[in-house]
Every structure is written in C-alpha cells, then in structure tokens.
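# Secondary and tertiary structure notes
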Amino acid sequence: MAWRFADLPVRTKFLVTLGIPVLGLVLLIGKQVDGSLKRRDVLRYINIQARNIDRLAGLLHELQEENAQSIAYLGGVQVNQPRLELQYSRTDAAAERLNDPELALNQEVQGANALTGISLLRQRVSEQRITLGDADQSYRQMRTAVLEDLSRVAKLALDPETKDRLYSHLSLLNATDALANVRTSLGRGFTNGWLPAGDLGWLYDQLARYSTSLFLFERDAPAEVLAAFRENYQGPDVNFVRTVIGTVQEKRSLTGLNVEAEAWKQHSDQAMAKLDDVEAISIARIVEATDANRRDAESRLFIVLIALFGVVSAVAIMAFVIMRGIRRTVSEITEAAGALAEGDIRV
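Residues numbered from 1 in each chain as written. Predicted model: local features only at pLDDT ≥ 70, side-chain atom pairs only at ≥ 80, totals over all residues. Heavy atoms only, no water.

## Examining the layout of surface pockets
Reported here for the largest pocket is a volume of approximately 160 Å³. Surrounding the largest pocket, His 61, Glu 62, Glu 65, Gln 69, Arg 83, Leu 86, Gln 87, Arg 90, Lys 265 and Asp 269 form its lining. Of all elements in the fold, only helix H1 (10-74), helix H2 (81-96) and helix H9 (261-341) reach the threshold of two or more residues within the lining of the largest pocket. Residues that form the lining of the largest pocket fall into these classes: one nonpolar, three polar and six charged. (1 Å grid on protein atoms, 1.4 Å probe; cavity = no way out; pocket = protein on both sides within 12 Å on 5 of 7 lines; lining within 4 Å. Points joined across faces, edges and corners; volume = space filled by probe spheres on them. Helix = DSSP H or I, 4+ residues; strand = E, 2+ residues; numbered from the N terminus. Nonpolar A, V, L, I, M, F, W, Y, C, P; charged D, E, K, R; others polar.)

## Some words on the pattern of salt bridges
Going through the model one piece at a time under the given rule, you end up with 16 salt bridges. Ionic pairing is found between Arg 122 and Glu 66, a salt bridge with its closest N-O pair at 2.9 Å. Highlighted residues: Arg 122 in helix H3 (residues 118-126) and Glu 66 in helix H1, separated in sequence by 56 residues. For Glu 66, a relative accessible area of 0% puts it in the buried group. (Salt bridge = Lys/Arg side-chain N within 4 Å of Asp/Glu carboxyl O. Buried < 20%, exposed > 50% of the residue type's maximum accessible area, 1.4 Å probe, protein only.)

## Observations regarding the packing of helix H5 (residues 163-192) against helix H6 (residues 197-220)
In the contact formed by H5 and H6, the axes pass within 8 Å of each other and the chain directions differ by 150°. Classed by the angle they form, the pair H5 and H6 counts as roughly antiparallel. Pair H5 / H6 crosses with left-handed handedness. Among the residues making up the contact of H5 with H6, the classes are represented as 13 nonpolar, seven polar and six charged. (Axes fitted to C-alpha atoms, helices over the stretch in contact; angles between N-to-C directions. Parallel < 35°, antiparallel > 145°, perpendicular 65-115°, else oblique. Left-handed = near helix turned anticlockwise from the far one by under 90°.)

## Description of the environment of Phe 302
Mapped onto the secondary structure, Phe 302 falls in helix H9. Along the sequence, Phe 302 and Ser 36 sit 266 residues apart, while their C-alpha atoms lie 9.1 Å from each other.

## Describing empty space enclosed by the protein
Scanning the model with the defined rule gives one cavity of 30 Å³ or more in all. Empty space within the largest cavity amounts to approximately 110 Å³. What lines the largest cavity is a set of 13 residues, and nearest its centre among them are Ala 68, Ile 71, Ala 72, Gly 187 and Lys 265. The greatest single-element share of the lining of the largest cavity, amounting to five residues, is contributed by H9. For the lining of the largest cavity, the per-class residue count stands at six nonpolar, four polar and three charged.

On their own, these measurements won't tell you what the molecule is for.
The structure is reproduced here in structure tokens:
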C-alpha cells in the first residue's frame, strides 16, 4: 500500500506542517548568527591590529629619540651618558611590549627582531667608536624596518569604517619619521658645519617626504584629529623648525644658516614631541573606533541569539499548547463516540 501523508496521525501531520516554516526561519536566523560571528571575529582581529600599530609606532618613536640622542652624544652636543642609557631602556621597553601574546604579530612582521645588532651599535656609540654618519645610517635602517612593519600591519587593519583614519595616521607616521631624519641629518650638518653631497640629496628627499606626508595627513585626517594637530603643532619651536626647513629648501645648502647644533636639537626635539602627541591622539581614536565596532558586533550577535532562542521557545510553547488542545479534543470526541456506540445519547 502506498504511503500517504493523509494517513499519518493528526499529531504528526500538525508537527510536520508547523515544522517546515519554523525550520526555514531557524535556518535564516542561523545564517544571521553565522554572519554576526564572522563579523565579530573580523572586528576583533582589526582591533588587535590597531593595537599592534600603536605598539609598533611606540617602538618607532623610541628609536627616533635614541637615534637623535646618539647623534647628539657623538657630536658633543649632549655629553650626558646616563640620559642616553635611560633612552636605551625606553627603547627596550617599547620592544618588549611587542611580545604581548594577546597582540600576536603576523609572521611577516619583524617586530623586535628589527633591532638585531642594536647592542653592538650602542656599545660603539657609548665608546665613540663610530662616526656620526655610520651611526645615523644604522639607526635609520632599523627605523625603516619598523616603518615597513607598520605598513604591513596597517593592511591587515583596513575596515570601511576606520580606513580613512588609518590612512591619515600612516601619513602622519611618515611625516614624523621624515622629520626625524631631517632632525638627525641637519644635526650632523650643524655639528660638522657641512654635509656630503650624497647626504644633502637624501636630506632634500626627506624634506619633500615630510611636506607631502603632512599634506596628505591634513587632507585625510578626521576633524577632531586635525583640530588637535593645529592646536598642538604650533609655537616658537615649530616656527623655528619650519623656518630652517624652508631656508634649506630654498637655498639648497647649509651655508650661511648660522644655526647652532644645540639650538637646532632643542627646537627640533620640541617640535617632534608635539607631533608625537598628535600621533598618540590619532591612534587612540583609531583604537577607540575599532573597540566600538567590536562591541557593536558583539551586541548584534547577542540580539540575534536572543531572537533565535525566542523564536524556538515560542514555537515550542505554541506547539505544546496546540497539541494539548488537539489531544483533549480528540479524547473528548473518542469518549463521545464510544458512548454513542453503547446507546448513551446524552452526550
């Protein structure tokens, strides 16, 4: 005998009829849950990469400071070796922060490995067994490696809601690094009274890089970061640095500038510190934005899970109530039919 749906018990037919649309609804909500889980994981990853950018930028900043202080020490502008030792410890602490297991770096990122050979370099600087140019070049190679790491990590942290902030922050990092190169190069030039032709050409490239990167930052930066930049990056120190840079670009020479190496170091250090303050504000806003996006994704996931649980619970309760009603009705009809069969017409 062929199987027919109509031959099934009433309870089974009801459960099948109710279950088909409920199954479709559960699958639809399940798809939303899966999408929410994936988005939450992606935003968590982006938040981690934003924190990695913060740590790497911190290491880059400390390397820039160590670079400048080493050049000043070798040039006799700064003869305070304990201060240099203190900067060494700050750089080491910044490198150590990259070893946080919760902020796992991509295998392509060198991280603290970019500082390979720094102990020997520090020893040669402390004993003054290295020239200004060689020391500057060695530190520059390490900083370039960290900056390349920053570019790699930034590609992993791109999100439609934060990419503009990230692009402007990278431009600011490049402007700061270019200014650090200008600071040490001009520091060497003012200490020695001249720069080799090759170093002059590289200096002009860094001046152009500084101007271009700063322009891109001001073009792309969000309003609150741009306001912080305009508020912080000003004053006598910044004006002095801008004047010297403008004069060097115009004259294409250091001749006749009459700038003392110590004065240049003091003013350029202050200008760098102000630019670093803007960096800190910029990356803080990026981390806050990625944190907010992550929390929003987790909230949406929680809401979707509650909706799924609510639908399943409501359907289960409804099925139980309806089935109990059907069972009661069927029982009453069966009892009435039995009574009628026995001749009891009172039912």
